[in-house]
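Each chain is listed here by its residues.
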Amino acid sequence: MRKIIATVVFIAIELLLLPISLIGYVWLAVKLILISRRTGMSATAYSPLFTRWMLHETGVRKDLACKRVLMSLPGISALNLHMLTGSTFLAARLSGLQPGFMNYPVTLPSTIMTMVNHRTAFFDKALLDHLDKVKQVVILGAGWDTRAYNMLKEDRVRVFEVDTAKTQRVKQTALQQAGIDTAHVTFVTADFNREPWLDSLKRYNFDPKQPAFFLWEGVIYYLEAEAVKATINAVSSQITSGSAIAFDYFCRELVAGVGRLTFRYGAKWSQAVGEPLQFGIPTESTGP
Ligand SMILES: C[S@@+](CC[C@H](N)C(=O)[O-])C[C@H]1O[C@@H](n2cnc3c(N)ncnc32)[C@H](O)[C@@H]1O
């Protein structure tokens, strides 16, 4: 009964403040579309960052670097963030209900609503499970990921962040503005669709004979199939044994933007910001 009342209170507050959240959402979406078109930086990288920031603000997954980077990125203002997420924080506080997308650690099964925080938990665990077995950590398509500045800050591993030149330039400026020490991180630029990223990595003294963990979160669906295969082949055939790669994927229907409303919206949003979904994996049997 208590849970039902809490749910009703939560939904009522969200509905009451929906106009403000919607204005905050549209305001931010327009800014991100314009900025990403002007600078060529990734706009899709904001979504996992927002989730990790909400987990930080809720106090369930501490990541101060995430908060500092977020506030230093283009398009972000405290007012816009409050408009966008204030209703959810208020609803959670007044109702005492912690919605699934603000949980950490997480409880399976995952849903489309909890997709990103569940993904965060999956990659955190994969990284921690491998840390004492490897000498190098490579964050492929790092975007605004801040694991290098908290989980890997004091570690003995070498850390590499790989992303496109345009996104990485914006990240490095944000890190600098946020006053975050990046001395232990090597930044490598590469376009996975156009060049063998491992060659770029080797130019920065990445050693394929030393075991490495590759964290490839939220990236493969934006790539051409050939680039996905080339990356998996490179890790399996050119890096010493004991190495590992963790990645997530979308089903083919989401990538094609067919079926559910969330799939259609996801595909359209990616197109609008110039990062169209390209690679999906069939997850349902289409046979007789
Ligand atoms: C949704 S974001 C995920 C960022 C980060 N891994 C995270 O989970 O917070 C996708 C990232 O992949 C990068 N990316 C997409 N296509 C790429 C390509 N062809 N070459 C290099 N990076 C790419 C984008 O720049 C962006 O940073």
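Structure: see above.
Counting restarts for each chain: residues are numbered from 1 in the order of the written sequence. Per-residue local features of the predicted model are confined to residues with pLDDT of at least 70, and side-chain atom pairs are confined, for both listing and counting, to 80 or more; whole-chain, interface and lining totals are unaffected and use all residues.

Undergrad: I would appreciate a short explanation of the nonpolar core in the present structure.
TA: Taken as a class, soluble globular proteins show a tendency for nonpolar side chains to be buried jointly. One finds Val137, Val138, Ile139, Val162 and Leu215 to be the most contacted residues of the largest nonpolar core, which totals 62 residues. Boundaries of every domain are those given by an automatic assignment or by a domain database. If you count residues domain by domain, this core takes at least three from each of domain 1 (2-101) and domain 2 (115-247). When near neighbours in sequence (up to four residues on either side) are disregarded, leucine 215 contacts Phe123, Leu127, Val137, Ile139, Leu140 and Ala246. The term nonpolar core means buried Ala, Val, Leu, Ile, Met, Phe, Trp, Tyr and Cys residues held together as one set by C-beta atoms within 7 Å. Exposure classification rests on a simple neighbour count of other C-beta atoms within 10 Å of a residue's own: a residue reaching 20 or more is buried, one at 12 or fewer is exposed, and one in between is partly exposed. C-beta atoms are placed from the backbone. For every residue pair, C-beta atoms are placed from the backbone, and the pair is scored as a contact if these atoms sit within 7 Å.

Undergrad: Please clarify how the site of the ligand should be interpreted in this entry.
TA: Not every one of the 22 residues close to the ligand is listed here, only the nearest: Ser42, Pro48, Gly141, Gly143 and Gly218. Residues were grouped as follows: Ala, Val, Leu, Ile, Met, Phe, Trp, Tyr, Cys and Pro as nonpolar; Asp, Glu, Lys and Arg as charged; and all remaining residues, including Gly, as polar. Across the shell around the ligand, the residue classes break down as 10 nonpolar, eight polar and four charged. Residues from two domains meet in the shell around the ligand; each of domain 1 (2-101) and domain 2 (115-247) gives at least three. Here, nearness is defined through the C-beta atom: a residue counts as near a molecule or strand if that backbone-placed atom lies within 6 Å of it.

Undergrad: Help me understand unusual backbone geometry in this model?
TA: Only a minority of non-glycine residues have a phi that is not negative, and only a minority of peptide bonds are not trans. Look at the link from tyrosine 104 to proline 105: it is a cis peptide, with omega at 0°. Going from leucine 108 to proline 109, the amide bond is cis rather than trans, its omega being 5°. Residues other than glycine seldom take positive phi values, yet asparagine 205 does so here, at roughly 70°. We count a stretch as a helix when DSSP gives it H or I for four or more residues in a row; a strand needs E for two or more, and each element gets its number in order from the N terminus. Take asparagine 205: it is sitting in the loop between helix H8 (197-203) and strand S4 (212-216). A tally of 10 C-beta atoms within 10 Å means that asparagine 205 is categorised as exposed.

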